[in-house]
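Geometric and topological summary
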Amino acid sequence: MAIPALQFLWKIGAPAGLGVMTTGLTLSKLATRSGYHIYDYTEYPSLIKGGHNTYEVNISKDPVSMVKNEVDCLVCFDELTFNLHQTRLTPASTVVFDPHTFQPETVAQKIEVPMQELLNELKAEKVMVNMIGLGASFALLGGDFSLLVELITEQFKRKGDEVIALNTNCAKAGFEHVTKNYQSVVRPILTPEPDPEARSVLAGNDAFALGAVAADCRFYAAYPMSPSSSVLEFLAEWQKHTGMVVRHAEDEIGVVNEALGASFAGVRAATGTSGGGFALMVETLSYAGVAELPLVVFLAQRPGPATGMPTWTEQGDLLFAVHAGHGEFPKIVLAPGDPEEMLDLAMRAFDLADIYQTPVIVLSDKVLSESHYSVSVKTLESLMQRTSKRGKLIAVSDQHPYLRYAMTDDGISPRLIPGQSPAWYQANSYEHKPDSHTTEDAFERMQQVEKRAKKMQTYFTNDFTGPSVYGDIASADLILYGWGGTKGAVLEALRQIECTENAACSDHRWHALHGKPRPGGKHCNIAFLHFTHVYPLDSEKIKSYFSYQKPYLLVENNSTGQFGQLIKQATGFETRHQLLKYDGRPIFTEEVMTAVEKALRTEAEC
Amino acid sequence: MATVQDFSGYTPTWCPGCGNWGIGRALMMSLSEQGLTPANVNVMFDIGCSGNMNDFLNASSMHTLHGRSIANAVGCKIANHEMPVVMVGGDGATYGEGGNHFLHACRGNHDITLIVHDNGVYGLTKGQTSPVAHQGYKSKTTPDGVIDRPVYALLLALTQGATFIAQGFSGNLPQMAQLITAAMKHRGIALVNILQPCVSFNKVNTYGYYFEKSYQLKDHDPTNFEAALQKCAEPMQEKFPIGILYQVERPTYTDQIAHLQEHSLLKAPKYAAATSLIKWFE
């Protein structure tokens, strides 16, 4: 692996309502359009005004998949921002603030921007302070102002020329203030790269929405719940073009049953929610299971129990998803690790639901749902053009009576679209005979249970995918394993640890990268097993990954090591080294590094 | 063209004398008269004695979870609005367990027909009270009598935006068939509430009770909201008007979705420009 490029972290903070989210996303887009990779991360409380919102963008020439501890540029719209985040500053950092609001005491370099004064001069509204901050930041990072004008114009197109001009002027005032007064501090972080590859700035929810459209999902019904709601909003916004019907209906029980009704009628259908809403949907998963109807459920996790912490993150619902629904029926749970995988697996979820005629759950979490990555447009296009596989879906049957639940070798029976054939059937929530009529006969019951179970054997043979392996297992001193959204932090750790090992990575470079001197002594190699097909797990296909005579470290964003339990169930393997985090925040790169060191130290002591 | 016989499935397991026999027969007669076949009508059966009609009536159908048939019906109708969708369920499923779906389906004027078997009890679980039972009604789960006031379903439907409201009586088969046909021909949500004595468990709302307290609507203008309001409120005084109480024209839910006017969702061509949406994120 090559030496990772420098990462530069920009962070902005303000009370809710000052446009921090828009400003942050704009910076992510500016950086991406300038030819760089970004990963961004937001923190905000569950309220609309006040509180404290932050947005940080990690910028690099290389792909980046997590933020880092050191803040290189902190933009403060209030004193609280400085107070809360000053510990992350270094002498090389810059702090942007309004000297009329407060004066920070800091080791970092101070960039005074009289934001209120500039606002008054321009007769701009208070919220436009974010444009001044953005302009000042972009100047500090050596950006090309024309890109900012381009983005502002796109962003406010609908609001008219006057709004565009006012915002542009605010951005310009911030930009020019810095170029005039702080030219010596400007760093070439966002100097435009020549001919940058076209990249999108994509978060997990965005990717699920794109995937649903590309997969020809025609019906999406949901009830808003953080952090899943933006999927509903995007799909609703697009429906005039896509032809999808998107419904915000009465409650989660209603929407999942509407989706199932649409699926019965023959169109691809899905719903999306978070843990609490999902809890209301589980009875219907069971119905989809016995009636053998496809159903895709997007489950964006947040910390529970109950209302929990709505705007924070956790991987706490894995076992809930796995066990959701009463009775025994097949179900597939997928857990992408980044937006590109989300797009891929969202589309795959619709295929698998059709092929296996059963519910498929796509797991996300707040951080994966809302954090953006730079993703190659070409890659997205090629994924989105993939042809759908609809399995044994038929429009006509000349069978009489039509055996909807006929016994087959693979457990899957031809599924008829109602209305286009003399044949008909009932999607029966009761146990049923092959012809779909209700039965309580012992033999018929066993046959149907076995038929449904057989579908998962077929899935293991045809579609189950084992973990992606990052790093080299053979030479690794420690093997990490995890699933879903923790992928980003672990891959960052992997890159940095490899850099530590790489002699070509100079001490100076290492220091710049980590913000602290390079440690001496022996370093290590790690490998990472990342699972996306998290349930059911095919023991035969995965047990070899857990047979190395090496220590393993389980990485999960929950308190009980839920995936570790699934692995133990499937393979008998468990490890004593665990990195579990359940404070509502994602697992950060530095925490992975610390856990790696600790696991190796513990091993050495034994 | 299918006959009543073509719609007739397994022999029903309903109690002798149960009103479900008549309602089931009336539905088959109506479907046959409308020229439908078992394959071109979607029937959403809820759970309960009424929903058990799933095996007795031949039709493309879902036998849903308890209380959820309306939600399944809404999704099914939107996905293929060219096919008629009928929901068959009891008062417990429609006005209790599925009450939220009921009132919201009225708001949306989804083009579905609800045939509600209103017998005041949960028959299949052996006679516990339903949400339409009168205050003081005693059952095994309410030994001292129901404290809650009943759900007045006709009023609820009317005030939440239903565009067709009728009441039938399971003792009058030809009229039930007519009401079902009128409801299915109506464009928009149509409620047919059928008063149906449960001969096994309800000793209050008997055939005799309804013979005494129900009456045929005459000289009633179903397009008049005020008049309908009055009639729909009569069950509060234990008076049960039979016939069409309310019927007005209003665009259905799918009428108001521009992209469903040319094709049903099922038959629409696939959206070919999905990749153009990537621009939203650049």
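Basis of the calculations
Residues numbered from 1 in each chain as written. Chains lettered and ligands numbered in written order. Predicted model: local features only at pLDDT ≥ 70, side-chain atom pairs only at ≥ 80, totals over all residues. Heavy atoms only, no water. Helix = DSSP H or I, 4+ residues; strand = E, 2+ residues; numbered from the N terminus. Rg over C-alpha atoms; globule rule 2.2 N^0.38 Å. Buried < 20%, exposed > 50% of the residue type's maximum accessible area, 1.4 Å probe, protein only. Lys, Arg positive; Asp, Glu negative; His and termini not counted. Salt bridge = Lys/Arg side-chain N within 4 Å of Asp/Glu carboxyl O. Polar contact = N/O pair within 3.5 Å; in protein donor to acceptor, adjacent residues only side chain to side chain. Contact = heavy atoms within 4.5 Å. Pairing = 2+ DSSP bridges. Right-handed = clockwise from strand over helix to strand, strands pointing away. Expected span 1.5 Å × (residues − 1). Arc of directions from axis to C-beta.

1. Focus: the overall build of chain A
Along chain A, the regular secondary structure elements total 20 helices and 23 strands. Compactness check: chain A gives a C-alpha radius of gyration of 26 Å against a globular reference of 25 Å for 606 residues, within 12% of the reference. Structurally, chain A occupies a C-alpha span of about 85 × 65 × 45 Å along its principal axes. Every one of the 606 residues in chain A was classed for burial, and the buried ones make up 62%.

2. Remarks on the side chain of Glu250 of chain A
Turning to its location among the elements, Glu250 of chain A is positioned in the loop between strand 9 (245-248) and helix 9 (252-265). No salt bridge is formed by the buried Glu250 of chain A. Its closest oppositely charged neighbour is Arg247 of chain A, at 4.3 Å. Reaching out from Glu250 of chain A, the side chain makes a polar contact with the side chain of His101 of chain B at a distance of 2.7 Å. Setting aside residues up to four positions removed in sequence, Glu250 of chain A forms contacts with Tyr223 and Glu258 of chain A together with Asn100, His101 and His104 of chain B.

3. Considering the pairing of strand 23 (residues 577-580) of chain A
All names here are of chain A. Of the two faces of strand 23, the one holding His577 and Leu579 is buried and the one holding Gln578 and Leu580 is not buried anywhere. Where strand 22 (residues 552-556) lies against strand 23, 4 bridges are found, and the strand directions are parallel. Residue pairing in the sheet places Glu556 in a bridge with Leu580 of strand 23. Handedness of the crossover joining strand 22 and strand 23 through helix 19 (residues 562-571) is recorded here as right-handed.

4. A short note on the environment of Trp14 of chain B
Residues and elements named next belong to chain B. Here Trp14 shows up in the loop between helix 1 (4-7) and helix 2 (19-33). Residue class for Trp14 comes out buried when judged on its relative accessible area of 9%. C-alpha separation for the pair Trp14 and Leu124, spaced 110 residues apart in sequence, amounts to 9.8 Å. If we skip the residues at most four places from it in the chain, Trp14 touches Asn20, Trp21, Cys49, Ser50, Asn52, Met53 and Phe56. Among the polar contacts made by the side chain of Trp14, one reaches the main-chain carbonyl oxygen of Cys49 at a distance of 2.7 Å.

5. So, the environment of Pro104 of chain A
Residues and elements named next belong to chain A. Topologically, Pro104 is positioned in the loop between strand 5 (89-97) and strand 6 (109-112). Take Pro104: its relative accessible area is 2%, and that puts it in the buried class. When the C-alpha atoms of Pro104 and Cys76 are compared, they prove to be 9.9 Å apart, with 28 residues separating the residues in sequence. With residues near it in sequence (within four places) discarded, Pro104 still touches Phe82, Phe97 and Lys110.

6. As for helix 20 (residues 589-605) of chain A
All names here are of chain A. For helix 20, built from 17 residues, the straight-helix expectation of 24 Å at 1.5 Å per residue is met to within 8% by its first-to-last C-alpha distance of 25 Å. Residues Thr589, Val592, Met593, Ala595, Val596 and Ala599 constitute the buried set of helix 20. Here the buried residues of helix 20 occupy an arc of 165 degrees about the axis, which is enough to place them on one side. Helix 20 presents Glu597, Lys598, Ala604 and Glu605 as exposed residues on the side facing more than 90 degrees away from its buried surface.

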